[in-house]
2 protein chains.
Amino acid sequence: MTTATTRLNDVDLEAMGTLIAAIGDDPEKADTTWSAVVRWDGGFRSHSEIRDFAPTASDEPRGLGGTGSAPNPVEQLLGALGNCLAVGYAANLTAAGIKINDLRIELEGDLDLHTFLGLAEGNAGYEAIRVAVHLDAEGDETALREIHDKVVATSPVGHTLGRAIPVRVDLA
Amino acid sequence: MTTATTRLNDVDLEAMGTLIAAIGDDPEKADTTWSAVVRWDGGFRSHSEIRDFAPTASDEPRGLGGTGSAPNPVEQLLGALGNCLAVGYAANLTAAGIKINDLRIELEGDLDLHTFLGLAEGNAGYEAIRVAVHLDAEGDETALREIHDKVVATSPVGHTLGRAIPVRVDLA
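Scoring rules and cut-offs
Residues numbered from 1 in each chain as written. Chains lettered and ligands numbered in written order. Predicted model: local features only at pLDDT ≥ 70, side-chain atom pairs only at ≥ 80, totals over all residues. Heavy atoms only, no water. Helix = DSSP H or I, 4+ residues; strand = E, 2+ residues; numbered from the N terminus. Rg over C-alpha atoms; globule rule 2.2 N^0.38 Å. Contact = heavy atoms within 4.5 Å. Areas by Shrake-Rupley, 256 points an atom, 1.4 Å probe, with all protein chains shown as cover. Lys, Arg positive; Asp, Glu negative; His and termini not counted. Charge placed at Lys NZ, Arg CZ, Asp CG, Glu CD. Axes fitted to C-alpha atoms, helices over the stretch in contact; angles between N-to-C directions. Parallel < 35°, antiparallel > 145°, perpendicular 65-115°, else oblique. Left-handed = near helix turned anticlockwise from the far one by under 90°. Least-squares fit on C-alpha atoms with pLDDT ≥ 70 in both. Buried < 20%, exposed > 50% of the residue type's maximum accessible area, 1.4 Å probe, protein only. Pairing = 2+ DSSP bridges. Buried area = accessible area lost by both parts, 1.4 Å probe. Salt bridge = Lys/Arg side-chain N within 4 Å of Asp/Glu carboxyl O. Polar contact = N/O pair within 3.5 Å; in protein donor to acceptor, adjacent residues only side chain to side chain. Expected span 1.5 Å × (residues − 1). Core = buried A, V, L, I, M, F, W, Y, C linked by side-chain atoms within 4.5 Å.

Peer 1: Run through the overall build of chain A, naming residues and quoting values.
Peer 2: Summing up its helical and strand segments, chain A has four helices and six strands in all. What you see for chain A is a C-alpha radius of gyration of 19 Å, clearly larger than the 16 Å of a compact globule of 172 residues, by over 25%. Based on the C-alpha atoms only, the size of chain A along its principal axes is roughly 55 × 35 × 30 Å. For chain A, contacts bridging at least 24 residues in sequence account for 47% of all contacts bridging at least 6. Carbon and sulfur atoms provide 49% of the accessible area of chain A, an area that totals close to 7,500 Å². Looking at charge distribution, chain A has the averaged site of its 13 positive side-chain charges lying 3 Å from that of its 27 negative ones.

Peer 1: Explain the packing of helix H2 (residues 73–95) of chain B against helix H3 (residues 141–153) of chain B to me, and be specific about the residues and the numbers.
Peer 2: All names here are of chain B. Where H2 contacts H3, the two axes come as close as 9 Å, and the packing angle between them is 130°. In terms of orientation, H2 and H3 fall into the oblique class. In this structure, the crossing between H2 and H3 has a hand that is right-handed. Facing H2, whose interface residues are Leu85, Gly88, Tyr89, Asn92 and Leu93, H3 presents Leu144, Ile147, His148, Lys150 and Val151.

Peer 1: Break down the relation of the copies chain B and chain A for me, citing the residues and quoting the values.
Peer 2: Between chain B and chain A, which share one sequence, the superposing operator has a rotation angle of 180° and an axial displacement of 0.0 Å; the RMSD is 0.0 Å. These values place the two chain copies in the arrangement generated by a two-fold rotation axis. For chain B, the smallest separation between a C-alpha atom and the rotation axis is recorded for Ala164(B), amounting to 2.3 Å. Both copies present the same face, since 100% of the interface residues in chain B are matched by interface residues at the equivalent positions in chain A.

Peer 1: Can you lay out unusual backbone geometry for me, pointing to particular residues and giving the numbers?
Peer 2: Across the chain, the bulk of peptide bonds are trans and the bulk of non-glycine residues have phi less than zero. All names here are of chain A. Here the phi dihedral of Asp10 falls at roughly 60°; this positive angle occurs in a residue that is not glycine. On the secondary structure map, Asp10 appears in the segment before helix H1 (13–25). Of the residues examined, Asp10 reaches a relative accessible area of 34% and is grouped as partly exposed.

Peer 1: Give a description of the sheet that holds strand S1 (residues 31–40) of chain A that names residues and reports values.
Peer 2: With mixed pairing, six strands are arranged side by side in an open sheet as S3(A)-S2(A)-S1(A)-S4(B)-S5(B)-S6(A). Edge positions in the sheet fall to strand S3 (56–58) and strand S6 (167–171) of chain A, since each has one partner strand and no second. Here the strands of the sheet are splayed against their neighbours by 20° on average, with no regard to which way each runs. Lying on the sheet, H2(B) is in contact with S1, strand S2 (46–49), S3 and S6 of chain A together with strand S4 (100–112) and strand S5 (126–137) of chain B; it crosses S4(B) at an angle near 150°.

Peer 1: Tell me about the interface of chain B and chain A, and please be specific about residues and values.
Peer 2: For interface size, the figure often reported is the accessible area lost on association. Counting from both sides, the interface comprises 116 residues of chain B and, opposite them, 116 residues of chain A. Contact between chain B and chain A buries roughly 10,300 Å² in total, counting both sides, with carbon and sulfur atoms accounting for 66%. Among the residues of chain B in contact with chain A, Trp34(B), Trp40(B) and Leu171(B) are the three that bury the most area, contributing 9% of the side total. Inspection of the region where chain B meets chain A yields four salt bridges. Of the charged contacts, one joins Arg45(B) and Asp10(A) as a salt bridge, the two residues approaching to 2.9 Å between their closest N and O atoms. Taken together, chain B and chain A are joined by 46 residue pairs in polar contact (both at pLDDT 80 or more).

Peer 1: A description of H2(B) should follow, citing residues and the corresponding values.
Peer 2: Residue and element names in this part refer to chain B. The end-to-end C-alpha separation of H2 is 33 Å, in line with the 33 Å expected for 23 residues at 1.5 Å each. In terms of burial, H2 is a largely internal element, 22 of the 23 residues being buried. In the segment just after H2, Gly97 is the residue with positive phi, at about 75°.

Peer 1: Break down the pairing of strand S1 (residues 31–40) of chain B for me, citing the residues and quoting the values.
Peer 2: Of the two faces of S1(B), only the one carrying Thr32(B), Trp34(B), Ala36(B), Val38(B) and Trp40(B) is buried; Asp31(B), Thr33(B), Ser35(B), Val37(B) and Arg39(B) on the other face are not. Inspection of the sheet shows strand S4 (residues 100–112) of chain A paired to S1(B) by nine bridges, in the antiparallel sense. Bridged to Arg104(A) within S1(B) is Arg39(B). Between S1(B) and strand S2 (residues 46–49) of chain B, which pair antiparallel and follow one another directly, the connecting turn spans five residues, one of which, Gly42(B), has a positive phi of 100°.

Peer 1: With reference to specific residues and values, describe the side chain of His47(A).
Peer 2: Here His47(A) lies in strand S2. Overall, the relative accessible area of 15% leaves His47(A) in the buried class. With residues up to four places along the chain from it excluded, the contact list for His47(A) reads Val37(A), Val38(A), Arg39(A), Asp41(A), Pro55(A), Thr56(A), Ala57(A) and Asn83(B).

Peer 1: Give me the lowdown on the nonpolar core, citing residues and values where you can.
Peer 2: Core analysis: the biggest nonpolar cluster contains 94 residues, and Tyr89(A), Ile105(A), Leu135(A), Tyr89(B), Ile105(B) and Leu135(B) have the highest contact counts within it. Not counting residues within four places of it along the chain, the set of residues in contact with Leu135(A) comprises Tyr89(A), Leu93(A), Ile100(A), Asp102(A), Leu103(A), Leu144(A) and Leu171(B).

Peer 1: Quick one: what's the story with the sheet that holds strand S6 (residues 167–171) of chain B, residue by residue and with numbers?
Peer 2: The sheet built from six strands is open, its strands ordered S3(B)-S2(B)-S1(B)-S4(A)-S5(A)-S6(B) with mixed pairing. Every interior strand has two partners, whereas the edge strands, strand S3 (56–58) and S6 of chain B, have only one. Pairwise comparison of adjacent strand axes, ignoring direction, gives a mean angle of 20° for this sheet. Pairing of S1(B) with S2(B) involves four bridges; the strand directions are antiparallel. Looking at the pairing, Trp40(B) lines up with Ser46(B) of S2(B).

Here is the structure:
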């Protein structure tokens, strides 16, 4: 049983309810724009600045010409997908009244370096991404599978990767 | 003029050359797999673990039900794209012998929350991503434009977003 002081899974369903009601009144409230600024720090090092948060560092491994000081961009992409799925499980399991004991998400992606290195034309990005979700929650297997399907069907980062998104890059 | 002690743009072209030569000898060396592990921390908070680096925190803004303690996954995705493009400019400008004075990359993406919130079916992810690259480098405009085109054509994260990538998510 949840009360005002012991929220299930520590998820603030009330804030989501408020947002959903606001979008019901004005659908344009669902149109959001997100942003980031990246600054180059020399070599293959850079960092991203998002809102007022501390910058997140990026680098390539030494074998790829970097100094190995931070995760590289394709690893960051996997992290973003995993974090997005975690939000999806937390939101949908909580909405179903199911307590989460533990959630660990393992991600991996295959990438052929030929295009990035200028040795061939073609896909420079991931050819496939695999995700293994280790979910320990109180619900029965059927309920957990249904919620899993819903999470995958509604993941913003998952959809961005699974679809061809127009990416326009201009020299300003 | 670059010497062993003053590398142009601080980029280690030698390491990239070694890798390119190794792939020439054995093309399978270009087949790489990258990974990340994400762990849920309660609410909409989680963190990604990549190699031995300090974990990277993730959260949603308060308006979306989070506690606003860290960038959210769709912002992290934009950061990953910007960091990837920064590596591309650094690599290709350095290979062309062009000194970079400053590089700042501004990214934004539009996202309709209806699908994520379960209010509609369809695309939960970015509908479009726009990137403005502010490049201050020593080359002439034609050279910089050519390199810009090459960077966009060979960006691993850019290609992953611009194409439909198979993303398989399994309950383990």
